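# Summary of the model geometry
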Amino acid sequence: MNVYKRFARRTVLGALGSAGALGVLPPRLASAKSGFDWHKLALDVRGEMAWAWRNYVERAFGHDQIKPVSGTAEEFLLSTGPGLGLSIVEALDTLYVMGLDSELEEGVRWIKNNLHFDIDGELQVFEANIRMVGGLLSGWLATKNKHLLELAQDLANRLLPAFAKSPTGMPYRFVNLKTGAVRDPASYPAEIGTYISEFGTLSRAVGDNRYYDAAKKAAKGCFDQRSSIDLVADNIDIETGKWLSRRASIGPPSDSYFEYLYGGWRLFGDADFKNWYDVHAKAIAAYQIEILDGRLWFTQVDFETGARLDRHQSELAAFYAGLLGKAGDMEHARAYLNSWADVQARFGVLPEGFDYGTFAATRSTNELRPEFVDSCLALFVHSGDEHWQQLARIHYENMKATSRGPYGYTIIDDITTKPMKQGDACPGYWWAEQMKYYYLLFSGTNRFNYKRNYLSTEGKILDGLR
Ligand code: IFL
């Protein structure tokens, strides 16, 4: 299918100058029924973003991540460097929707003067795509700066060998940016099937279907290995197509594979993706839903028999409520997110791991995760129900109370101690995800189309920027 011809490009209000004319302060949200001052809260989020950005610029600019407690820097993508300005690329469209235009300009300038991918180093294909290719694309959509699109294409070209060298089309996990050497065939559904939104957007933008086709073949490779009850396990050899595990889960390391099956349909109208999504969604609902103490959960099961394996929940699985809502299953979406709201009420800050059988934390860290608020945004956009804003407000206030360090926001090493024990890291997705979700939930900004939008698994706005 020629994806880029089928769709007329959206008209996006473009250059930074004209975007500034839209007004940098958010208008009051029309939906507020409780009289709560969402406008004030939106300004608070924006203020925190600007404060954290200034600290990053002063102490870590160009490095992948700031360490917000010590005020030092660290790399994420290439562990021995050089820094690829990950936090800048992650932040671009968040700065745009917040109307932080001089900060956005500052970030784009750093990219223009410093960022290139002609490096003899290895990137994890999945992370490079969702964070960097996606960030550069949404940055391009926000600013119309062509250089960002060119960089996205250059990086995607360097990722393509991971797909092309695979006998099944499912990508190797790592690729050398300069030589195209690949390694690690033992992969996971999320690392195999989380490309279509970025690669398809790129194909459409540059008029070259290679990216779309590689992403689709990879997703199909995983789908084709589903069991007779239509579930996938979570570890597979991409060279042979043989499963290396039996565990089916909606959480990591499978999570965004399901999200992008829906994405391929939503963004490109590709009916294959819709069919693949529906097949899995039906099987997941049939075999994985468990209602316990009046709460709905998605349990881990054997992918061939459907027998329950464990009741563990990764915090990352909370994304599935939003996905269900987007795909039209609001009943399960509401019930599942409300289950997570009870976990938030119990712990204040969600633990990385949780067992819904015992209602106890199984991993007491919090990596500054965005999935709960991601789903709050999806259900709010779908329903306009202030309930989801209120849950996100609690999430934001708790994050502010526990994760704010001297130079930015940090992960928490133990959420069960009083006070909670802070770590010293601010993951790139903090800039791309929850800060954007909070702002979109609270502001009603006219830079975002609340009626028609698409955010990637990393929160990049690939449709809906105005
Ligand atoms: O990179 C982030 C993204 O949301 C994802 N998985 C994990 C990260 C956030 O928890 O797909």
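Whatever comes next refers back to the structure up there.
These lines cover the structure that appears in this document, whether it is placed above or below. For clarity, every value in this text was computed on a predicted model and none was experimentally measured. (Residues numbered from 1 in each chain as written. Predicted model: local features only at pLDDT ≥ 70, side-chain atom pairs only at ≥ 80, totals over all residues. Heavy atoms only, no water.)

What follows is about the nonpolar core. If you look at the biggest cluster of nonpolar residues, it comprises 156 residues, and the most contacted ones within it are Ile111, Leu115, Tyr320, Tyr336 and Phe442. Of all the elements, helix H6 (residues 125-143) adds the most residues to this core, at eleven residues. (Core = buried A, V, L, I, M, F, W, Y, C linked by side-chain atoms within 4.5 Å. Buried < 20%, exposed > 50% of the residue type's maximum accessible area, 1.4 Å probe, protein only. Helix = DSSP H or I, 4+ residues; strand = E, 2+ residues; numbered from the N terminus.)

Bringing the layout of surface pockets into the picture now. Of the volumes computed, that of the largest pocket is approximately 600 Å³. For the largest pocket, the lining is made up of 30 residues, of which Phe126, Glu127, Arg131, Leu316 and Arg369 are closest to its centre. Those elements that provide at least two residues to the lining of the largest pocket are H6, helix H9 (189-193), helix H12 (255-268) and helix H16 (371-383). A total of four residues in the lining of the largest pocket trace back to one element, the largest contributor, which is H6. Partitioned by chemical class, the residues of the lining of the largest pocket number 14 nonpolar, five polar and eleven charged. A volume near 340 Å³ is recorded for the second largest pocket. Lining of the second largest pocket is provided by 17 residues; of these, Lys326, Ala378, Val381, Asn453 and Tyr454 occupy positions nearest its centre. (1 Å grid on protein atoms, 1.4 Å probe; cavity = no way out; pocket = protein on both sides within 12 Å on 5 of 7 lines; lining within 4 Å. Points joined across faces, edges and corners; volume = space filled by probe spheres on them. Nonpolar A, V, L, I, M, F, W, Y, C, P; charged D, E, K, R; others polar.)

Residues in contact with the ligand, as listed here, are Ile130, Arg131, Leu316, Arg369, Pro370, Glu371, Tyr429, Glu433, Thr457 and Glu458. Residue Arg369 places a side-chain N or O atom 2.7 Å away from an oxygen atom belonging to the ligand. Residue Thr457 places a side-chain N or O atom 2.8 Å away from an oxygen atom belonging to the ligand. Coverage of the ligand by the protein chains reaches 91% of its 290 Å² of free accessible surface. Residue classes in the shell around the ligand are distributed as four nonpolar, one polar and five charged. (Near = heavy atom within 4 Å. Polar contact = N/O pair within 3.5 Å; in protein donor to acceptor, adjacent residues only side chain to side chain. Areas by Shrake-Rupley, 256 points an atom, 1.4 Å probe, with all protein chains shown as cover.)

Right, let's get into the pairing of strand S15 (residues 360-363). In this structure, strand S14 (residues 353-355) lies alongside S15, joined through three bridges in antiparallel fashion. Note that in S15 the partner of Asp355 across the bridge is Ala360. Between S14 and S15, which pair antiparallel one after the other, the connecting turn spans four residues, and Phe359 there sits at a positive phi close to 55°. (Pairing = 2+ DSSP bridges.)

A separate point is the packing of H12 against helix H14 (residues 319-326). Two elements in contact, H12 and H14, have axes whose closest approach is 11 Å; the angle formed by their N-to-C orientations is 15°. Taken together, the axes of H12 and H14 lie roughly parallel to each other. Remark: the crossing between H12 and H14 carries left-handed chirality. Side by side, H12 and H14 meet where Asp255, Phe258, Glu259 and Tyr262 of the first sit next to Phe319, Leu323 and Lys326 of the second. For the contact of H12 with H14, the per-class residue count stands at four nonpolar, no polar and three charged. (Axes fitted to C-alpha atoms, helices over the stretch in contact; angles between N-to-C directions. Parallel < 35°, antiparallel > 145°, perpendicular 65-115°, else oblique. Left-handed = near helix turned anticlockwise from the far one by under 90°. Contact = heavy atoms within 4.5 Å.)

Read these as geometric descriptors, not functional statements.
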